Amino acid sequence: MRRRADFLAANKALRAPMPGFVLLVRDRADGDPGMRLGITVTKKIGGAVVRNRMKRRFRALAREILPSEGFAGADHILIGREGGVERDFEALKAELSKALGKLRR
């Protein structure tokens, strides 16, 4: 996702805060079963190198987890939190699975 309007619409959606990130999931209700991913990492987290590293980790995380556990026809937004870039990748995977399970209920 790249449009600001999509991110603003998702801000009113389901929210699951985790130690490394905040996950937002919004059902688009447009009949398209495809999942979309949006990533936001602010300057509060760090400089460009740190933000880009965190975005790469989030993309890899989404590639592994979302196809099997994500919501069809929904927008998934990952918002980076401070300390998320230092977290172990396996811990981030567990957190994303936990967040998706929490939102599924």
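Residues numbered from 1 in each chain as written. Predicted model: local features only at pLDDT ≥ 70, side-chain atom pairs only at ≥ 80, totals over all residues. Heavy atoms only, no water.

Caption draft 1: Expanded view of the nonpolar core. Counting residues in hydrophobic clusters, the biggest one holds 23 residues, and the most contacted among them are Phe-21, Leu-23, Phe-58, Leu-96 and Leu-100. Counting only elements with at least two residues in this core, the list comes to β2 (21-27), α2 (48-69), β4 (74-80) and α3 (89-104). Aside from chain neighbours lying at most four places away, what touches Phe-21 is Ala-16, Phe-58, Leu-78, Ile-79, Arg-81, Leu-92, Glu-95 and Leu-96. (Core = buried A, V, L, I, M, F, W, Y, C linked by side-chain atoms within 4.5 Å. Buried < 20%, exposed > 50% of the residue type's maximum accessible area, 1.4 Å probe, protein only. Helix = DSSP H or I, 4+ residues; strand = E, 2+ residues; numbered from the N terminus. Contact = heavy atoms within 4.5 Å.)

Caption draft 2: A look at the packing of aromatic side chains. Here the structure, examined in full by the defined rule, presents 1 aromatic pair. Where Phe-21 meets Phe-58, the ring centres are 6.1 Å apart and the plane angle is 80 degrees; that geometry is what we call edge-to-face. Placement of Phe-21 in strand β2 and of Phe-58 in helix α2 is noted, with a sequence separation of 37 residues between them. Exposure class is identical for Phe-21 and Phe-58. Each is buried. Sitting above the plane of the Phe-71 ring, Arg-104 keeps its charged end 4.3 Å from the centroid. (Phe/Tyr/Trp six-rings, centres within 6.5 Å; stacked < 30°, edge-to-face > 60°. Lys NZ or Arg CZ within 6 Å of the ring centre and 35° of its normal.)

Caption draft 3: Inspection of the packing of α2 against α3 at higher detail. At a closest axis distance of 10 Å, the pairing of α2 and α3 adopts a crossing angle of 45 degrees. Classified by the interaxial angle, the pair formed by α2 and α3 is oblique. For the pair α2 and α3, the sense of crossing is right-handed. Where α2 approaches α3, its residues Arg-57, Ala-60, Leu-61, Glu-64, Ile-65, Leu-66 and Glu-69 are matched on the opposing element by Phe-89, Leu-92, Lys-93, Leu-96, Ser-97, Leu-100 and Arg-104. Looking at the contact of α2 with α3, its residues break down into 8 nonpolar, 1 polar and 5 charged. (Axes fitted to C-alpha atoms, helices over the stretch in contact; angles between N-to-C directions. Parallel < 35°, antiparallel > 145°, perpendicular 65-115°, else oblique. Left-handed = near helix turned anticlockwise from the far one by under 90°. Nonpolar A, V, L, I, M, F, W, Y, C, P; charged D, E, K, R; others polar.)

So far we have only geometry, and geometry alone does not tell us how the molecule works.
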